Amino acid sequence: MANQLCIVLDFGGQYNQLIARRVRECGVYCEIRSYETPIEELKQLAPTGIIFTGGPNSVYDPASPHIPEEIFSLGIPILGICYGCQLMAYTLGGEVKSCEKSEYGKIEITHQGGLLFKDVPEKSVVWMSHTDYVSRLPEGFSVKAASEDCPCAAFEDPEKKLYAVQFHPEVTHSQFGKEILRNFLFEVCGFTGDWVMDDFIEDTIAGLRKTIGDKKVILGLSGGVDSSVAAGLLSRAVGKQLTCVFVDHGLLRKDEGDFVEQTFTNMFDMNFVRVNAKDQFLSKLKGVTDPEEKRKIIGAEFVNVFWDEVRKDANGGFFAQGTIYPDRIESGKGNEAGQGSAAVIKTHHNTAIPEDMKHLFAGILEPLGDLFKDEVRAVGEKLGIPKELVWRQPFPDPGLGVRIIGEITEEKIKVLQDADAVFRDEIAKSGIESQLKQFFAVLPDVRTVGVMGDHRTYDHLIAIRAITTDDFMTADWARIPYDVLARVSNRLCNEVEHVNRVVYDITSKPPGTVEWE
Ligand code: XMP
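Analysis parameters
Throughout this document, residue positions are counted from 1 along each chain, in the order its sequence is written. Thresholds applied to this predicted model are a pLDDT of at least 70 for local features of residues and 80 or more for the giving and counting of side-chain atom pairs; totals over whole chains, interfaces and linings are not thresholded and use all residues. With hydrogens and water set aside, each side-chain value is computed from the structure's full complement of heavy atoms. Think of it this way: DSSP has to see at least two bridges between two strands before they count as a pair. Secondary structure is summarised from DSSP: a helix means a run of H or I of at least four residues, a strand means a run of E of at least two, and numbering begins at the N terminus for each. To obtain an axis, a line is fitted to C-alpha atoms, over the contacting stretch when the element is a helix, and the angle between two such axes runs from 0 to 180 degrees between their N-to-C directions. In this description, contact between two residues means that some pair of their heavy atoms is separated by no more than 4.5 Å. To estimate how far a helix should reach, multiply one less than its number of residues by 1.5 Å. The buried label goes to any residue with under 20% of its type's maximum accessible area, the exposed label to any with over 50%, and the partly exposed label to all in between, with areas taken from a 1.4 Å probe on protein chains only. For each domain, the first and last residues come from an automatic or database assignment. Two parts placed together each lose some accessible area; with a 1.4 Å probe, that loss summed over both constitutes the buried area. A pairing counts as a salt bridge when a side-chain nitrogen of Lys or Arg comes within 4 Å of a carboxyl oxygen of Asp or Glu. Three classes are used, and their members are as follows: Ala, Val, Leu, Ile, Met, Phe, Trp, Tyr, Cys and Pro are nonpolar, Asp, Glu, Lys and Arg are charged, and the others, Gly among them, are polar. Pairing of aromatic rings covers Phe, Tyr and Trp, the last through its six-membered ring, and needs centres within 6.5 Å; plane angles under 30 degrees mean stacked, over 60 mean edge-to-face, and all others mean tilted. Only when the NZ atom of a Lys or the CZ atom of an Arg is both within 6 Å of the ring centre and within 35 degrees of the ring normal do we say a charge sits over the ring. The directions from the helix axis to the C-beta atoms are what the arc is built from.

### Examining the sheet that holds strand 10 (residues 217–220)
Hydrogen bonds along the backbone pair up the strands of a sheet, which may run parallel or antiparallel.
Okay, step 1: Read across the open sheet, the five strands follow the order 12-11-10-13-14; overall the sheet is parallel. Each edge of the open sheet is held by one strand with a lone partner, namely strand 12 (271–276) and strand 14 (361–365). Across the sheet, the axes of successive neighbouring strands diverge by a mean angle of 25°, strand direction being ignored.
Okay, step 2: With six bridges joining them, strand 11 (residues 242–248) and strand 12 adopt parallel strand pairing. Across the sheet, Val-247 pairs through a bridge with Val-275, a residue of strand 12.
Okay, step 3: This element, helix 5 (residues 197–212), spans strand 10, strand 13 (317–320) and strand 14 of the sheet and lies at about 165° to strand 14.

### Observations regarding the pairing of strand 5 (residues 95–111)
Okay, step 1: Pairing of strand 5 with strand 6 (residues 123–136) involves twelve bridges; the strand directions are antiparallel. The residue bridging Ile-109 from the neighbouring strand is Ser-124, located in strand 6.
Okay, step 2: Relative to strand 7 (residues 142–146), strand 5 runs antiparallel, the two being bridged by two bridges. Its bridge partner being in strand 7, Thr-110 is matched across the sheet by Ala-146.

### What to know about helix 6 (residues 225–238)
Okay, step 1: Here helix 6 contains 14 residues, and its C-alpha end-to-end distance of 20 Å stays within 8% of the 20 Å for a straight helix at 1.5 Å per residue.
Okay, step 2: Most of helix 6 is tucked away: 13 of the 14 residues are buried.
Okay, step 3: Phi turns positive, to about 50°, at Gly-239, one or two residues after helix 6.

### Considering the environment of Phe-306
Okay, step 1: Following the sequence through the fold, Phe-306 ends up in helix 9 (residues 291–313).
Okay, step 2: Sequence-wise, Phe-306 and Gly-220 are 86 residues apart; in three dimensions their C-alpha atoms are separated by 7.8 Å.
Okay, step 3: Discounting residues that sit within four places of it in the chain, Phe-306 has contacts with Gly-220, Val-245, Val-247 and Phe-319.

### Observations concerning the domain arrangement of the protein
Okay, step 1: Examined at the domain level, the protein breaks down into domain 1 (5–188), domain 2 (197–390) and domain 3 (409–504).
Okay, step 2: Between domain 1 and domain 2, the C-alpha centre-to-centre distance is 38 Å.
Okay, step 3: Between domain 1 and domain 2, the residue contacts involve 16 residues of the former and 14 residues of the latter.
Okay, step 4: Of the roughly 1,200 Å² buried between domain 1 and domain 2, counting both surfaces, carbon and sulfur atoms make up 45%.
Okay, step 5: Ranking the residues of domain 1 by area buried against domain 2 places Gln-17, Arg-21 and Arg-24 at the top, with a combined share of 40%.
Okay, step 6: Residues Arg-24 and Glu-375 are paired through a salt bridge, measuring 2.5 Å at the closest nitrogen-oxygen approach.
Okay, step 7: At the level of elements, helix 1 (16–25) and strand 2 (29–34) are the ones that each hand at least two residues to the side of domain 1 that touches domain 2.
Okay, step 8: Per-element accounting of the side of domain 1 that touches domain 2 gives the leading share, six residues, to helix 1.
Okay, step 9: Residue composition of the side of domain 1 that touches domain 2, by class: seven nonpolar, four polar and five charged.

### Some details on the packing of aromatic side chains
Okay, step 1: Tallying each qualifying case throughout the model produces 19 aromatic pairs.
Okay, step 2: Taken together through their ring pairs, the aromatic side chains of Phe-11, Tyr-35, Phe-52, Phe-72 and Tyr-83 make up a single cluster.
Okay, step 3: The aromatic ring of Tyr-325 is capped on one face by Arg-24, whose charged end is 5.3 Å from the ring centroid.
Okay, step 4: Here the guanidinium or amino end of Arg-479 rests over the ring plane of Trp-477, the centre of that ring lying 3.8 Å away.

### Digging into helix 8 (residues 278–285)
Turn by turn, an α-helix covers 3.6 residues, leaving residues three or four places apart pointing in a common direction.
Okay, step 1: Listed in full, the buried residues belonging to helix 8 are Phe-281, Leu-282 and Leu-285. Buried residues of helix 8, seen end-on, are gathered within an arc of 95° and therefore sit on one face of the element. Every exposed residue of helix 8 that faces more than 90 degrees away from the buried side is listed here: Asp-279 and Ser-283.
Okay, step 2: In this structure, the buried side of helix 8 is in contact with strand 11, helix 9 and helix 14 (410–430).
Okay, step 3: Just downstream of helix 8, Gly-287 is the residue with a positive phi angle, here 80°.

### A short note on the pattern of salt bridges
Okay, step 1: Summed over the entire model, instances satisfying the criterion amount to 39 salt bridges.
Okay, step 2: For Lys-43, the salt bridge identified is with Glu-70, shortest N-O distance 3.6 Å. Of this pair, Lys-43 sits in helix 2 (residues 39–45) while Glu-70 is found in the loop between strand 3 (49–52) and strand 4 (78–81), placing the two residues 27 residues apart along the sequence.
Okay, step 3: Arg-253 is the partner of Glu-256 in a salt bridge, and the nearest nitrogen-oxygen pair spans 3.1 Å.
Okay, step 4: Classification of Glu-256 as buried rests on a relative accessible area of 9%.
Okay, step 5: One salt-bridge network, in which partners are shared between bridges, spans Asp-425, Glu-426, Lys-429, Arg-487, Arg-491 and Glu-495.

### Topic: the sheet that holds strand 3
Okay, step 1: With mixed pairing, the nine strands of this open sheet are ordered in space as 2-1-3-4-9-8-7-5-6. Edge positions in the sheet fall to strand 2 and strand 6, since each of these pairs with one other strand and no more. Across the sheet, the mean angle from the axis of one strand to that of its neighbour is 20°, orientation sign disregarded.
Okay, step 2: Across the face of the sheet, helix 3 (residues 83–91) comes into contact with strand 3, strand 4, strand 5, strand 6, strand 8 (154–157) and strand 9 (162–165) while running at roughly 115° to strand 4.
Okay, step 3: In the packing of helix 4 (residues 177–189) onto the sheet, contacts are made with strand 1 (5–10), strand 3, strand 4 and strand 9, and the angle to strand 3 comes to roughly 150°.

Set out below in structure tokens:
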């Protein structure tokens, strides 16, 4: 049976995916749609509730996103957030003005009851970010909360099931934001919370079995979270009809190729093909030092090796990919390219099927196409995939290739793999791992003078990088305690051959990027 649906109508706000994730966290299935979606299409989707996102525009600018008034009389409950709140007021005959003083940051509001504020204290802190405000409400609406500078911080017409908040309940800075969203979903809309991961797994497996029948399936496995979880689901659905192709370009972390191979061959019923292509990649990379050139070569070689392997086994079966929901979301007007689109550009595991191979496949399967990353991880855990894979930090497709500056050689790969393994081991022991979003070693291709015993050395410098971030668009360098840094430095110089100096990268993003190349 299909889940109840909540539609998040995207007006280009930066938090639209976050709103959708919060709704899903409440056990309510939701999808993001553009504000331009025709009303007829929305009616057919028959959502149990609709949420309007924020957005960067002003409603009185004729070029800003608008919506037909009809949407408010469909009888479907609507919650307008920020721009969505102003749009609701404006479209229904209220007035929106520019604030004398923009509200930005944590602001205290006082509410006067109503379903949205059930079990929320009278005064609480919310996250505001607006330069316009609703100065007069449409007929039938009443104010339900206000801040010092915002007289209509929340308002409602409960008869028509229309609700609006000027603030952002979806961000964690809003103290009771989660409760307010829950109240809208459960008290106002009457959702039952039927989006449950166990059901998703069982339904997806049943659906895959039906679609695949007795055909074969091929999946490109990188060892990253998404392709690993897709592999787990497909294996549970069709076992040996699934072949996973894992291209080892020799630029993985220490022992990673073996770990991925063992995990999937031991835990899951499937055919696992590992293509050991290190020599091939290294010969193409010989003498190449330009970062973009290196990336291009690795990407192109990956595509060649992968599709050559797939071609051997593709006769009328399905091609599966670990695409997830953020990769598919169309961004709204005025929206920055989302994290999803950035991820797609960078990933060569989701390459399109080459033209001359399309006829070899019965179709494409994307079993995770409706899930956010946190949901993919939840499914992975339920399928029993090891934590090391499910909670893996991001790892770039070109692998250590973007962490070895200058020419990539076998010797440098070994030094970096060993150094990176020591650094990761120390972070794991330090108890600070969960505070870091990514941490790794870099080989900057710099040699410096040192002393070891009575000898002068001239050997490699290792840089270590650790970052904190919410979305990888911006990042800060992590304040790793000095004693952890000291242990890392000690061990790197003592245990890793050809390392005699260690530096810590203290550059945020921007101006730096996370990776060095
Ligand atoms: P940058 O270096 O652009 O990295 O600040 C942001 C995030 O993206 C990861 N990254 C990649 N991921 N293929 C990927 O799948 C790539 O080519 C790639 N390059 C960078 C990086 O590790 C960080 O998490």
